[in-house]
Amino acid sequence: MKNKIITKTLLASTVASSVLFGAQAFAEGNPLTNLEVKGEITFFTNRTDLVEAGVYDRYTKEFRKMYPGVTSVKVIGFADYQGGVRPRMNTGDYGDVVLILPSVPSEQYGNFYEPLDMYGPDEVYFHDAWSNDGKVYGVSMGNSVEGLVYNKDVLAEAGVKTPLKTLSDLYAASEKIAAQNKIPFYVNFGAQWPLQQWDKYPIVAEGDAGVYEKMLTQDKAFSGDTAYHESLSLLKTLIDKGWTEKDLITNSWEESKSLLAEGDAGMFYLGNWFIPQVIDRGIASEKVGFMPIPAGESGELRAQMNHDWGYAVSKHSKNKPAAKAYIKFILEESDFDEVAGFIPTIKAKKPTLPQLNEFMSYNPTIIQTPTNSSTFIEVTNRSQIDFYSGGYVQDVMTASDFNEALEKLDGRWNRAKKRVMK
């Protein structure tokens, strides 16, 4: 996928009258027929919270009502999706509907996943995010922009005005909130996976979707004057100044939502998908704000638009028509976008979160997340730096010498580059 900048009008798309949703759309616009969609399917998901809340049970009932030939939809949740599913990949036993693992190079998609022909590039965002050799193997489960989810009352009581346009503004706001005996910036260090945000921030810092491929040409990708150094240094400053949660050991992910909702914490750096989870903890929607996270001192606001995990159909599925129909159902018929707080993958569907209107009112430059090259993925795998899982970030932040830890990352990265890029 080519790197490209998109404008705020992306999020303002309305439902086109020519687009049909519902059973009629499935019958008329989809090559699958009710007779083909039958049997049992298993869906491996990362949304354990929705499994536990019974949301997928409701979806199963609605889906089977549309397709009576489907006898069973088994939904299995994995808190650590990559860790739970990756060992299964070479066995062929990894469900029917799955999420594409970031560690799988695009050249290998055909070994594990079935080509999908359900949507064209004008119908969905990130159409070619999981493609190879002209074939599409995945479709985004939803999309989000990354920014600061915040409690409006906490910032107002501390005298913080929004939006924060520079890093100096962010630091000053954190200091003011801390003076109110509140947690300024909750990073969910103990939960680990939320630290993946600091693998996303380099795009904001650089203002360029090519920031990751650029690392293949940098000798000091982590310790030098780079976007990654800026990202990790920002997190290090927040921690060292005492502006994050004090307990960096305990996994307090669920508790942290309540802390923001109840006004004990001020800001979180996450995607808009996080907003409904905070509201579920009892805070009124109008008390939750959303703004871009600043970078540098220029005052220029930028934001990254991400796809979430990509839905796919296992190459080894025995009921591929049913698996494809289930993906279409979730994207077109279910309320998953609203429940998850996503920008819908279907371009004709309008986002429902009012906080997105606030976010876009600040006129940030929106940068669409790129698809990493197979070279980058192979270097990543060989370096054993666990991007987007938070583990290496924890190690760097707790190291006795921050700069030395970054230099060690450089060493691992450069050794991997030499092996791959001979």
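Above this text is the structure in question.
Rules of the game
Residues numbered from 1 in each chain as written. Predicted model: local features only at pLDDT ≥ 70, side-chain atom pairs only at ≥ 80, totals over all residues. Heavy atoms only, no water. Core = buried A, V, L, I, M, F, W, Y, C linked by side-chain atoms within 4.5 Å. Buried < 20%, exposed > 50% of the residue type's maximum accessible area, 1.4 Å probe, protein only. Helix = DSSP H or I, 4+ residues; strand = E, 2+ residues; numbered from the N terminus. Contact = heavy atoms within 4.5 Å. Salt bridge = Lys/Arg side-chain N within 4 Å of Asp/Glu carboxyl O. 1 Å grid on protein atoms, 1.4 Å probe; cavity = no way out; pocket = protein on both sides within 12 Å on 5 of 7 lines; lining within 4 Å. Points joined across faces, edges and corners; volume = space filled by probe spheres on them. Axes fitted to C-alpha atoms, helices over the stretch in contact; angles between N-to-C directions. Parallel < 35°, antiparallel > 145°, perpendicular 65-115°, else oblique. Left-handed = near helix turned anticlockwise from the far one by under 90°. Nonpolar A, V, L, I, M, F, W, Y, C, P; charged D, E, K, R; others polar. Patch = residues over 30% accessible without salt bridge, like charges linked within 9 Å, V, L, I, M, F, W, Y side chains within 5 Å. Areas by Shrake-Rupley, 256 points an atom, 1.4 Å probe, with all protein chains shown as cover. Lys, Arg positive; Asp, Glu negative; His and termini not counted. Charge placed at Lys NZ, Arg CZ, Asp CG, Glu CD. Polar contact = N/O pair within 3.5 Å; in protein donor to acceptor, adjacent residues only side chain to side chain.

Colleague: Which parts of the structure should I look at to understand the nonpolar core?
Modeller: Nonpolar side chains in soluble globular proteins tend to end up buried together. Core analysis: the largest hydrophobic core is formed by 81 residues, its most contacted members being F63, Y113, F274, Y311, Y326 and F336. With 8 residues, the top contributor of residues to this core is helix α13 (residues 320-333). Ignoring sequence-local partners within four residues, the contact set of F336 consists of L50, Y56, Y59, M141, Y311, I330, G341 and F342. With 59 residues, the next largest nonpolar core counts F185, M215, L301 and Y392 among its residues.

Colleague: Could you clarify how one ought to interpret helix α17 (residues 391-398) in this entry?
Modeller: Because an α-helix completes one turn every 3.6 residues, residues spaced three or four positions apart along the sequence face the same direction. Of all 8 residues in α17, 6 are buried, a share of seventy percent or more. Buried within α17 we find G391, Y392, V393, Q394, V396 and M397.

Colleague: Is there a simple way to think about the pattern of salt bridges in this case?
Modeller: Here the idea is simple: oppositely charged side chains can pair when their charged atoms come close. Inspection of every chain in the model, using the stated rule, returns 16 salt bridges. Of the charged contacts in the structure, one is a salt bridge between K349 and D337, with a shortest N-O distance of 3.2 Å. Of this pair, K349 sits in the loop between α14 (336-340) and α15 (355-361) while D337 sits in helix α14, placing them 12 residues apart in sequence. For the pair formed by K349 and D337, the shared burial category is buried. Through salt bridges with shared partners, a single network forms among R58, E62 and D335.

Colleague: Quick question: what am I supposed to make of empty space enclosed by the protein here?
Modeller: Unfilled space is identified by rolling a water-sized probe across the atoms. Tallied over the entire structure, the rule returns 1 cavity of 30 Å³ or more. Roughly 70 Å³ of volume is contained in the largest cavity. If you trace the largest cavity, you find it lined by F185, Y186, V187, N188, P194, Q197, W198, W253, F268, Y269 and L270. Listing elements by their share of the lining of the largest cavity, those giving two or more residues are β9 (183-186), α8 (197-206) and β10 (265-271).

Colleague: Whenever I open this one, the packing of helix α16 (residues 374-383) against helix α18 (residues 402-420) confuses me. Can you help?
Modeller: Helix-helix packing: each pair is described by the crossing angle between the helix axes and the interaxial distance. Where α16 contacts α18, the axes come no closer than 8 Å and their chain directions differ by 125°. As summarised for this structure, α16 and α18 are arranged oblique, according to the angle between their axes. As α16 packs across α18, the resulting crossing turns out to be right-handed. Here α16 contributes T375, F376, E378, V379, T380, R382 and S383 to the contact with α18, which in turn contributes R412, W413, A416, K417, R419 and V420. Per-class residue counts for the contact of α16 with α18 are 5 nonpolar, 3 polar and 5 charged.

Colleague: Would you mind going over the environment of D93 with me for this structure?
Modeller: Turning to its location among the elements, D93 is positioned in the loop between α4 (81-85) and β4 (97-99). Taking the C-alpha atoms as reference, D93 lies 25 Å from P68; in sequence the two are 25 residues apart. Residues within four places of D93 in sequence aside, it is in contact with F44 and R88.

Colleague: Please clarify how a positive patch on the surface should be interpreted in this entry.
Modeller: A grouping of R412, R415, R419 and K422 is seen on the molecular surface, where their side chains present a positively charged patch. Within the secondary structure, K422 is located in the segment after α18. Classification of K422 as exposed rests on a relative accessible area of 84%.

Colleague: I would appreciate a short explanation of the side chain of Q304 in the present structure.
Modeller: Relative to the elements of secondary structure, Q304 occurs in strand β12 (residues 302-307). You can call Q304 buried: its relative accessible area is 0%. Of note is the side chain of Q304, whose polar atom sits 2.5 Å from the side chain of N306. With residues up to four places along the chain from it excluded, the contact list for Q304 reads S144, V145, E146, K200, I203, V204, I367 and T369.

Colleague: Which parts of the structure should I look at to understand the environment of D247?
Modeller: Checked against the element boundaries, D247 lands in the loop between α10 (227-240) and α11 (253-261). Through-space distance from the C-alpha of D247 to that of I366 is 34 Å; in sequence the pair is 119 residues apart. A polar contact of 2.9 Å, which involves the side chain of D247, links it to the backbone nitrogen of I249.

Colleague: Please clarify how the packing of α8 against α10 should be interpreted in this entry.
Modeller: Between α8 and α10, whose axes approach to 8 Å, the crossing angle comes to 120°. Regarding the angle of α8 to α10, the classification is oblique. The interaxial crossing formed by α8 with α10 has right-handed handedness. Contacts between α8 and α10 involve W198, D199, Y201, P202, A205 and E206 on the former and, on the latter, A227, Y228, E230, S231, L234, L235 and L238. When grouped by side-chain class, the residues that make up the contact of α8 with α10 number 9 nonpolar, 1 polar and 3 charged.

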